[in-house]
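Below are the chains, spelled out letter by letter.
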Amino acid sequence: MTSRPRLFLAGLTLCAAIASTASAEQRAQIRGQLDAELRRQLERAVGEVDAPPSNRFEARRRARGAAEAAEALLRSEGYYQPVIEDQVEGEDTPVAIVNVTPGQRFLLATPDVRWVEPEPDSVSAAAAISEIGLKPGDPGRAVDVIAAEGRLVSGLNRRGYADARAEPRRVVVDHAAFSVQPTYNIASGRLVTLDGIRLRTRGPTNPDWVAGLAPWESGDRYDPEQVAELERRLLETGVYDGVGVALAAADQTLEDGNRPVIVTLADRPRRILEAGATFSTSEGSGVDFIWTNYNRFGRADTLRYEARLASVDSRLGADLSLPHWRRPGRTLKLSAALVNEDTDAYERSALALAADLQQRLGRTSYFSYGVGLDAGQYTENRFDPVSQAPVTLDRDLVILTGRGSAYMDRSNDPLNPTQGWRLTVSAQPTAVAGEDTVFFLRAESQLSAYLPLQEGARTVLAGRVRIGSIVGGDELTVPSDRLFYSGGGGSVRGYEYQGINPRLPDNTPRGGLSLVEASIELRREIGRNFGAVAFLDAGSVGFEETPNLDRVRYGAGLGVRYKLPFGPIRADIAIPLDKREGDAEFQVYVSIGQAF
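Note that the structure is predicted; figures quoted are calculated from it, not measured.

> Sorry, what's going on with the environment of Trp325 here?
Of note, Trp325 is situated in the loop between strand E16 (313-322) and strand E17 (330-342). Taking the relative accessible area as the measure of exposure, Trp325 reaches 25% and is therefore partly exposed. As a C-alpha pair, Trp325 and Ala584 span 259 residues in sequence and 48 Å in three-dimensional space.

Below, the structure is given as structure tokens:
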């Protein structure tokens, strides 16, 4: 006989909407010869109540309701000949009971697909049917029958049939053969080919620029993934509050048979003024003012002016970001700044210019290449390996740097990862002119990994390794800001900024030609919004091209995390395990996002 679609829908709804409550009282006891998994499903379907029944009438009502829920669950799982009895036991303390004999499970027969005119082309039809995913002999579950219909329609969508839809299906349940045979009636609609883009916006975005981002040519078959890619390309610019990309309705088909794609853009505020303050026991304090202009040139650009006054790094500058520069996924970044750095190891006043091209790979990875030019005055506290004595250098230098880097992100969250890994590598061939002439290569890489230790990632083990080396230069001629330093919130916690480095007799940090760092963290969620962290950091700076492990210093500590919608706020306190004269007893770090 023919089953009614409502039986499948009722079963599907029941399976998807089973609620868990805090009560431990079953609505009714499930009895019968059942396998463990089916019994668990029936118990979830029957549900729980706040208290036992107060009388036999209430118990009878619960038993009947539980029996109806059990029957719907069994039908949805392919048991179409169950024997279900509801009953009540006890007088003073009545108990609702449902006795279940599921009977033989019905199995799937070969599904049938019938096309409603017009039919899709034979290749697309065969490919879509191959994705149904129902195998004859599998259990005749309602949820599988309905999901297969969705895969069938989705397969047509991906092959250009944007208007494909499912008409009412027919499911034959044969009680003699114990089989379930679905027949799908699919209206594919006509094959859709794409035209250009129609832009709807009140902002200054140039329609020709948006059209150039489309990953299709006029006349190409509709592909929902290409439409989604255009949306991603617009969203990643960061200048729009809202982006909508959708195929035009069928009645907007053009005379040539193509259909346009409608792009709707909602611009974020064109100008934003931001102010901020920072404080760290290791790096001092600072204030920042940032003035940002969005979409000034009508191509989702970002122009940012920055003024920063800080203990270590003060600057006045501007940078321009032009996303999708001459090709999708590539961003041109230009920057210029007057920089004043005042660290324990050196002082630097310079004009810094840079131009970089960054090319996105996939959704979260990229590589970049470019050039930087720095010109300025350096006052450096250095160590002369010949005289074995500290020296002070005052130099005017011009530094030309080739900038190449790559970043791969296979983690699951940018600010609070719980699984996966990240890899960063960079290489900077550098030429120095002025009072000294030197050529060298500065290379650096960092790998971070995240391993959940229990279901739900409530406990996560995180690790980080960073290695760096300068090849072709020596400690005395390489500019101080290009040497390696370690210590502080972004490297080895428990020490002040540059505090890991070996020191000169006057306690000035001595920059190195190589670097190795490692960190390990155990992160644990506490309640809904809080987390706790225990960590151990290690680092070493060497004076040869090969990292030196003889000078490794360690820091350890504890931290707390408070979850916000955009990521966690972290506060860490750490102590140096290899405390030297001049090291503080502890350091405190506060920032947004995990340490790595």
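> Quick question: what am I supposed to make of the side chain of Ser469 here?
Residue placement: Ser469 occurs in strand E23 (residues 459-471). On the basis of relative accessible area, Ser469 is assigned to the buried category, the value being 15%. At 2.6 Å, the side chain of Ser469 and the backbone oxygen of Glu545 are in polar contact.

> How should the sheet that holds strand E5 (residues 95-101) be read in this particular structure?
Strand pairing in a sheet relies on backbone hydrogen bonds. The paired strands run either parallel or antiparallel. What the three strands build is an open sheet, ordered E2-E5-E4; its pairing is mixed. The strands lining the two open edges of the sheet, one partner per strand, are strand E2 (29-31) and strand E4 (83-89). The average undirected angle you get between the axes of adjacent strands in this sheet is 25 degrees. Contacting E2 and E5, helix H2 (residues 36-46) crosses the sheet at an angle of about 150 degrees to E2.

> Looking at this model, I keep getting lost on the sheet that holds strand E12 (residues 258-267). Mind explaining?
Ordered in space as E10-E12-E11, the three strands form an open sheet in which the pairing is mixed. Taken across any chain shown, the strands that pair with only one partner, and hence form the sheet edges, are strand E10 (193-201) and strand E11 (240-247). Taking each pair of neighbouring strands and ignoring which way they run, the sheet shows an average axis angle of 20 degrees. Relative to E12, E11 runs antiparallel, the two sharing seven bridges. Bridge pairing in E12 links Val243 to Leu265. This element, helix H7 (residues 224-235), spans E10, E11 and E12 of the sheet and lies at about 165 degrees to E11.

> I tried to follow the environment of Val465 on my own but got confused; where do I start?
As for its position among the elements, Val465 is in strand E23. Its relative accessible area of 43% is what places Val465 among the partly exposed residues. Along the primary structure Val465 and Gly362 are separated by 103 residues, whereas in three dimensions their C-alpha atoms are 24 Å apart. Apart from the residues lying within four places of it in its own chain, the contact partners of Val465 are Ser445, Gln446, Leu447, Glu517 and Ala518.

> What's the story with the pairing of strand E18 (residues 346-361) in this structure? I'm lost.
A regular strand places its side chains so that they alternate between the two faces of the sheet. Two strands pair when backbone bridges link them, and E17 and E18 are joined in this way by 13 bridges, in the antiparallel orientation. When the sheet's bridge partners are listed, Ser335 is paired in E18 with Ala354. Once E17 ends, the chain turns through three residues before running back antiparallel as E18. Across 16 bridges, E18 lies against strand E19 (residues 365-384) in antiparallel orientation. For Leu361, the partnering residue across the bridge sits in E19 and is Ser365. Counted between consecutive antiparallel strands, the loop separating E18 from E19 contains three residues, among which Gly362 sits at a positive phi close to 70 degrees.

The rules we used
Residues numbered from 1 in each chain as written. Predicted model: local features only at pLDDT ≥ 70, side-chain atom pairs only at ≥ 80, totals over all residues. Heavy atoms only, no water. Helix = DSSP H or I, 4+ residues; strand = E, 2+ residues; numbered from the N terminus. Buried < 20%, exposed > 50% of the residue type's maximum accessible area, 1.4 Å probe, protein only. Polar contact = N/O pair within 3.5 Å; in protein donor to acceptor, adjacent residues only side chain to side chain. Pairing = 2+ DSSP bridges. Axes fitted to C-alpha atoms, helices over the stretch in contact; angles between N-to-C directions. Contact = heavy atoms within 4.5 Å.

Limitation: the analysis is restricted to geometry and does not speak to function.
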